[in-house]
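Coordinate analysis (summary)
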Amino acid sequence: MDHPINGHELLKRLQENEKLNLLDVRGEMEFHTHNIGGKNIPLPRLRENIDACGYNKTDEIIVICKVGLRSGTATKLLTEMGYGNARNLTGGLIALQKLKSKNAI
């Protein structure tokens with residue numbers, strides 16, 4: 001089931017300090033340069049490493065990357081693996097950053 005999450009919803013939930021399962025599928029260097037928390041498994045290693053995260057198949061997992069393309073691929077992969085509530089952050093961290101700067105003005 002394709003059920004993306006947009007930047008507005010994620011930003012609101014982050015500001016409310018909701019406990020979220022964030023999965024960043026960018027490369028390690030990208031993740032360490034800038035991230036919003038969560039776990040980091042680069043997309044090419046997702047299939048082999050997802051079990052180590054300890055997610056239940058029913059958990060909401062918000063998948064993030066820079067612009068939403070890798071996370072879209074990862075969301076489809078997770079769904080194929082039985083994770084029924086994987087959600088792609090549309091527009092990725094770029095869209096989230098734009099929202100944050102708008103709200104800061």
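Keep in mind the model is a prediction, meaning the values are calculated, not measured. (Residues numbered from 1 in each chain as written. Predicted model: local features only at pLDDT ≥ 70, side-chain atom pairs only at ≥ 80, totals over all residues. Heavy atoms only, no water.)

Here asparagine 17, not a glycine, exhibits a phi torsion of approximately 55°, which is positive. Within the element layout of this structure, asparagine 17 appears in the loop between helix H1 (7-15) and strand E1 (22-24). Residue classification places asparagine 17 among the exposed residues on the basis of a relative accessible area of 69%. (Helix = DSSP H or I, 4+ residues; strand = E, 2+ residues; numbered from the N terminus. Buried < 20%, exposed > 50% of the residue type's maximum accessible area, 1.4 Å probe, protein only.)

For the rest of this paragraph, the subject is the pairing of strand E3 (residues 61-64). Neither face of E3 is exposed, since Ile61 and Val63 on one face and Ile62 and Ile64 on the opposite face are all buried. Pairing geometry for E1 and E3, over 3 bridges, is parallel. Each bridged residue has a counterpart across the sheet, and for leucine 23 the counterpart in E3 is valine 63. Note: E3 against strand E4 (residues 86-88), 3 bridges, orientation parallel. Bridged to valine 63 within E4 is asparagine 88. In this view, the connection linking E3 to its parallel neighbour E4 by way of helix H4 (residues 69-80) has right-handed handedness. (Pairing = 2+ DSSP bridges. Right-handed = clockwise from strand over helix to strand, strands pointing away.)

Quick look at the sheet that holds strand E2 (residues 39-40) now. Taken together, 4 strands build an open sheet; the order of strands is E2-E1-E3-E4 and the sheet is parallel. Either end of the sheet is taken by a strand with one partner, and the two such strands are E2 and E4. Contacts from H4 reach E1, E3 and E4, with the element oriented near 165° to E4. (Contact = heavy atoms within 4.5 Å. Axes fitted to C-alpha atoms, helices over the stretch in contact; angles between N-to-C directions.)

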